[in-house]
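# What the coordinates show
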Amino acid sequence: MRLRHVIVSAIGIAAIPIAFLSLAHVAVVKGDSMMPTMRNGQFVLALRRYSRLRRGDIVLLRRGPEVLVKRIAYVSSDHVAPLDRPLFQEVRDYFASGSDPDDLVVPADRVVVLGDNRTRSDDSRRFGPVPESDILGRVVAVSPIP
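A brief report on the enclosed structure follows.

The rules we used
- Residues numbered from 1 in each chain as written.
- Predicted model: local features only at pLDDT ≥ 70, side-chain atom pairs only at ≥ 80, totals over all residues.
- Heavy atoms only, no water.
- Phe/Tyr/Trp six-rings, centres within 6.5 Å; stacked < 30°, edge-to-face > 60°.
- Buried < 20%, exposed > 50% of the residue type's maximum accessible area, 1.4 Å probe, protein only.
- Lys NZ or Arg CZ within 6 Å of the ring centre and 35° of its normal.
- Salt bridge = Lys/Arg side-chain N within 4 Å of Asp/Glu carboxyl O.
- Helix = DSSP H or I, 4+ residues; strand = E, 2+ residues; numbered from the N terminus.
- Pairing = 2+ DSSP bridges.
- Lys, Arg positive; Asp, Glu negative; His and termini not counted.
- Polar contact = N/O pair within 3.5 Å; in protein donor to acceptor, adjacent residues only side chain to side chain.
- 1 Å grid on protein atoms, 1.4 Å probe; cavity = no way out; pocket = protein on both sides within 12 Å on 5 of 7 lines; lining within 4 Å.
- Points joined across faces, edges and corners; volume = space filled by probe spheres on them.
- Nonpolar A, V, L, I, M, F, W, Y, C, P; charged D, E, K, R; others polar.

What follows is about the packing of aromatic side chains. Two aromatic rings, taken as a pair, are described by how far apart their centres are and by the angle between their planes. Throughout the structure, instances matching the rule amount to one aromatic pair. Plain terms: the ring middles of Phe88 and Phe95 are 5.5 Å apart, the flat faces sit at 65° to each other, and that makes the pair edge-to-face. Assessed through its relative accessible area of 8%, Phe95 is described here as buried. If you follow Arg63 out to its NZ or CZ, it ends over the ring of Phe127, 4.0 Å from the centre.

Here we take up the pattern of salt bridges. Counted according to the given criterion, the structure contains seven salt bridges. Residue Asp103 pairs with Arg85 through a salt bridge whose shortest N-O separation is 3.3 Å. Of the two residues, Asp103 sits in the loop between strand 5 (96–97) and strand 6 (104–105) while Arg85 sits in the loop between strand 4 (66–74) and strand 5, which places them 18 residues apart along the sequence. Under the relative-accessibility criterion, Asp103 is labelled buried at 5%. Linking Arg126 and Asp122 is a salt bridge whose minimum nitrogen-to-oxygen distance equals 3.0 Å.

Turning next to unusual backbone geometry. With an omega dihedral of 0°, the bond running from Met35 to Pro36 counts as a cis peptide bond. Secondary-structure assignment places Pro36 in the loop between strand 1 (24–28) and strand 2 (43–47). Of note in this structure, Ser77 is not a glycine but carries a positive phi near 75°. Mapped onto the elements, Ser77 comes out in the loop between strand 4 and strand 5. For Asp109, which is not glycine, the phi torsion reads 60° and is therefore positive. Along the chain, Asp109 turns up in the loop between strand 6 and strand 7 (110–114).

Side-chain direction in a regular strand flips from residue to residue, so the side chains alternate between the two faces of the sheet. Here strand 2 runs beside strand 9 (residues 135–142); their pairing, made up of four bridges, is antiparallel. When the sheet's bridge partners are listed, Ala46 is paired in strand 9 with Val139. Examined bridge by bridge, strand 3 (residues 58–63) and strand 9 share three bridges and lie antiparallel to one another. Note that in strand 9 the partner of Leu60 across the bridge is Gly137.

By the element assignment, Lys70 lies in strand 4. As a buried residue without a salt bridge, Lys70 has its nearest oppositely charged side chain in Asp123, at a separation of 5.4 Å. Of the polar contacts made by the side chain of Lys70, one reaches the backbone oxygen of Asp122; its length is 3.3 Å.

Moving on, we get to the sheet that holds strand 9. Ordered in space as 1-2-9-3-4-7-8, the seven strands form an open sheet in which the pairing is antiparallel. Looking along the sheet, the strands with just one partner apiece sit at the ends: strand 1 and strand 8 (130–131).

Bringing the layout of surface pockets into the picture now. Taken as a whole, the largest pocket spans an internal volume of roughly 320 Å³. Along the wall of the largest pocket there are 19 residues; nearest its centre are Lys30, Glu66, Val67, Leu68 and Val69. Looking at the lining of the largest pocket, the elements with two or more residues in it are strand 1 and strand 4. With five residues, strand 4 is the largest single contributor of residues to the lining of the largest pocket. When the residues that make up the lining of the largest pocket are grouped by side-chain class, the tally is nine nonpolar, three polar and seven charged.

Here's what the structure looks like:
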């Protein structure tokens, strides 16, 4: 009887990190692209299960082998503001066309992400809108120090 309690306890203890990892993703901020909001070396916690993505959400996204931390600037079907359109000239072909030739529309199931430190960020201005399937989670907590 005692051995059974030990086995059940061990399984329960092992299940906690597995359950945590299925609900959350932990990453480290690399670089200065999210300054001043986040600094290099800070840990972030993102929930994998999230409701609809919104402008302003900070997310973790997979970009090749890297995990990036970025802010959502535009969501699916949004029209890029006229003042922002020059930022996306190099990736214009990744956007849908709007009512006039200069209009840029975010395609379905994609989001435009930007770093808060625009001069130091590798983001949608370089690689275009990101598929929502590449979003790993919405950031809900940041460590206070790196």
